[in-house]
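# Secondary and tertiary structure notes
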Amino acid sequence: MFNWSENNNIYKQALILAVPMMIQNGITNAVGLIDDLMVGSLGTESITAVSIAVQLIFVYNLAVFGAISGPGIYCAQYYGQENKEGFWNVFRLKIWICLIVMAIGFLIYHFFAVDLINLYLGGNDSGIDKAVTLNLSSNYLKIMLWTLLPFAVTQIYASSWRETGESVKPMIAGISSVVADVLFNYLLIFGKFGFPCLGVEGAAIATVIARVVEMLVIVVWVYSEKKKNKYIAGALREITIPLSNMMVVIKTSLPIFFNEFFWAAGFIGTFQCYSLKGLDVVAALNIATTLHNLVVVVIISMGNSVGILIGQQLGASKFEEAKENSLRLTRFTCFLGLIVALMVIAISGVFPTFFETTESIRIMARDFIIINAIFLPLLGILNSLYFTLRSGGKTFITFLFDSVFTWVFVVPTAFLLSKYVDYSILTIFAIVSSLDIIKIIIGYVLIKKGVWISNLVEE
């Protein structure tokens, strides 16, 4: 696997960056778990409705992530080069791109909410009231539109902060939002201490409040310590960008944006294919995905730290060191994935019992959880390979590697098996998940060949 004594400094650097991200994202997803438990106590229709709306908002969240990830490659390399002016220009570019994404997202969700939700309601009802589910999900999604702006602002600042090597303070901002979310979920879902009892709508309002709190904490903190945060705090002395200089950044960034958008669309498309097997599948997958999202932050955070560290080394033209460390960190992330997988399998039978639903849905959710856990070590390898390729600016390769692969192989496989083959949903889910093995083989070959190695900010 990996040798801790073999240049363990790179493992320590990765963990220093990744652990605060793990804590922040873990706590955020833990709140998602608490939300689901609270909403789940309202009935299967409620948890199914929220699950569908969250899947749709997930596309916007990943679109924002993609919008800032491309420029983020340059931020990490400019920071490694100690080029403050370059960092500022890219920071401003993030703002302009996110404004465009936010406007498009708002228009789509505002005018096509019902049509999008209905895509998930085509399977057998299994005793679930489709009309009630549609109404609850639509109301939830309309309120969630108010999270689009604060989420984008938070991601712009938090990602830029991390690209300078600071991940603790974004974590603290995330924790503050978690506290707000848990508090207002309890008050607004159940109508405690004089607050109105709003059920599913209360959960959405609580999320809006939490997003605003997180945004305010992180922005105020950045500007209250201007000297420490000179790479960010000075960026908004003007809002214009030298477009001719930024075209190369935009050209590199567009494949990442489209990759995140189409991958997210592919993800919910695959989810929709599974829903052809019945709404009970949607409910069971939501339970399993809630736990998966909670534990997968270990792998995602490690992938992000790999991208930042390798990007900084590329910006400093330490090419051989970057190549060696990328392989070391890939093995290390796989090992962490194995540890997490064993922990998840150990609690797979207990976790679904916390949800107020039928026994058949709980059993199905348990099996989904086990399948997800089996693939966690491979997911660790895949994330490290992906972020390594991206750190060198090979964004078109990652576009092919991720979203094109999803739409060419994953979604059609899920659709054909769900629609025309008489396999159980668990068998179909396992087959579709195993397709990632193909990506791992391709990614490993590309990393070994070193085609991704480049200094993007070298004069």
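Residues numbered from 1 in each chain as written. Predicted model: local features only at pLDDT ≥ 70, side-chain atom pairs only at ≥ 80, totals over all residues. Heavy atoms only, no water.

Turning next to the overall build of the protein chain. Helix and strand content of the protein chain: 17 helices and zero strands. A compact globule built from 459 residues would reach a C-alpha radius of gyration of about 23 Å, and the protein chain, at 22 Å, matches this within 12%. Counting only C-alpha atoms and orienting by the principal axes, one finds that the protein chain spans roughly 65 × 50 × 40 Å. Burial statistics for the protein chain: of 459 residues in total, 57% are counted as buried. For the protein chain, the exposed area adds up to about 18800 Å²; of that, 67% sits on carbon and sulfur atoms. Taking the average place of the 29 positive charges on the side chains of the protein chain and the average place of its 29 negative ones, the gap between the two points comes to 8 Å. (Helix = DSSP H or I, 4+ residues; strand = E, 2+ residues; numbered from the N terminus. Rg over C-alpha atoms; globule rule 2.2 N^0.38 Å. Buried < 20%, exposed > 50% of the residue type's maximum accessible area, 1.4 Å probe, protein only. Areas by Shrake-Rupley, 256 points an atom, 1.4 Å probe, with all protein chains shown as cover. Lys, Arg positive; Asp, Glu negative; His and termini not counted. Charge placed at Lys NZ, Arg CZ, Asp CG, Glu CD.)

Applying the stated criterion to the full structure yields five salt bridges. As a salt-bridge pair, Arg211 and Glu214 come within 3.9 Å of each other at their nearest N and O atoms. Residue Arg211 and its partner Glu214 are both found in helix α7 (residues 200-224); the two are separated by three residues, about one turn of the helix. A relative accessible area of 7% means that Glu214 is categorised as buried. (Salt bridge = Lys/Arg side-chain N within 4 Å of Asp/Glu carboxyl O.)

In this section: a positive patch on the surface. Together, Lys84, Lys226, Lys230 and Arg237 make up a positively charged patch on the protein surface. Within the secondary structure, Lys230 is located in helix α8 (residues 230-233). (Patch = residues over 30% accessible without salt bridge, like charges linked within 9 Å, V, L, I, M, F, W, Y side chains within 5 Å.)

On to the confidence of the model for the protein chain. Put simply, the protein chain has an average pLDDT of 83, and 93% of its residues get 70 or more. Across the protein chain, the secondary-structure element scoring lowest on mean pLDDT is helix α1 (residues 8-40), at 73, and the one scoring highest is helix α16 (residues 425-434), at 94. (pLDDT = per-residue confidence, 0-100.)

Here we take up a nonpolar patch on the surface. On the surface, Ile100, Ile104, Phe106, Leu107, Ile108, Phe111 and Phe112 cluster together into a nonpolar patch covering about 690 Å² of accessible area. Among the residues examined, Ile104 registers a relative accessible area of 47% and is labelled partly exposed.

Moving on, we come to the nonpolar core. Membership of the largest hydrophobic core comes to 139 residues, with the highest contact counts inside it found for Tyr60, Tyr274, Phe368 and Leu376. Considering each element in turn, this core owes the most residues, 18 residues, to helix α2 (residues 44-81). Ignoring sequence-local partners within four residues, the contact set of Tyr60 consists of Val101, Met102, Gly105, Tyr109, Leu148, Leu149, Phe151 and Ala152. (Core = buried A, V, L, I, M, F, W, Y, C linked by side-chain atoms within 4.5 Å. Contact = heavy atoms within 4.5 Å.)

Another aspect to go through is the packing of aromatic side chains. Evaluated as defined, the whole model comprises 14 aromatic pairs. Seen from their ring centres, Tyr11 and Phe332 are 5.0 Å apart, and the 40° between their planes marks the pair as tilted. Taken together, the positions of Tyr11 in helix α1 and Phe332 in helix α12 (residues 319-347) put the pair 321 residues apart, joining distant regions of the chain. Here Tyr11 matches Phe332 in class, with each residue buried. With centroids separated by 5.3 Å and ring planes inclined at 85°, the aromatic side chains of Tyr386 and Phe387 adopt a geometry described as edge-to-face. One exposure class covers both Tyr386 and Phe387, and it is buried. Through pairs of rings, three or more aromatic residues link up here, namely Phe91, Tyr157 and Tyr223. (Phe/Tyr/Trp six-rings, centres within 6.5 Å; stacked < 30°, edge-to-face > 60°.)

This part takes up the packing of α2 against helix α14 (residues 376-391). In the contact formed by α2 and α14, the axes pass within 10 Å of each other and the chain directions differ by 60°. Overall, the two elements α2 and α14 adopt an arrangement that is oblique. Each of Phe65, Ser69, Ile73 and Gln77 in α2 lies in contact with α14, whose residues at this interface are Phe387, Arg390 and Ser391. Classifying every residue of the contact of α2 with α14 gives three nonpolar, three polar and one charged. (Axes fitted to C-alpha atoms, helices over the stretch in contact; angles between N-to-C directions. Parallel < 35°, antiparallel > 145°, perpendicular 65-115°, else oblique. Nonpolar A, V, L, I, M, F, W, Y, C, P; charged D, E, K, R; others polar.)

Glancing now at helix α6 (residues 168-190). The end-to-end C-alpha separation of α6 is 33 Å, in line with the 33 Å expected for 23 residues at 1.5 Å each. Gly191 occupies a position one or two residues after α6 and carries a positive phi of about 70°. (Expected span 1.5 Å × (residues − 1).)

Within the chain, Phe193 stands out as a residue other than glycine whose phi angle is a positive 55°. Residue position: Phe193 is located in the loop between α6 and α7.

Between two packed helices, what matters for the description is the angle formed by their axes and the separation of those axes. Interhelical geometry of helix α9 (residues 243-275) versus helix α10 (residues 279-295) gives an angle of 135° and a closest axis separation of 7 Å. In terms of orientation, α9 lies oblique with respect to α10. Judged by residue contacts, Phe271, Tyr274 and Ser275 of α9 engage Leu279, Val281, Val282 and Leu285 from α10.

Turning next to the environment of Phe190. Relative to the elements of secondary structure, Phe190 occurs in helix α6. Look at Phe190 and you get partly exposed, because its relative accessible area is 28%. Remark: the alpha-carbon pair of Phe190 and Ala53, spanning 137 residues in sequence, is separated by 20 Å. If near-sequence neighbours (up to four positions away) are discounted, Phe190 is found in contact with Met38, Ser41, Leu42, Asn185 and Cys197.

It is worth spelling out the side chain of Ser418 at this point. On the secondary structure map, Ser418 appears in helix α15 (residues 395-420). Residue Ser418 is classed as buried on the basis of its relative accessible area of 5%. A distance of 2.7 Å separates a polar side-chain atom of Ser418 from the backbone oxygen of Ala414. (Polar contact = N/O pair within 3.5 Å; in protein donor to acceptor, adjacent residues only side chain to side chain.)

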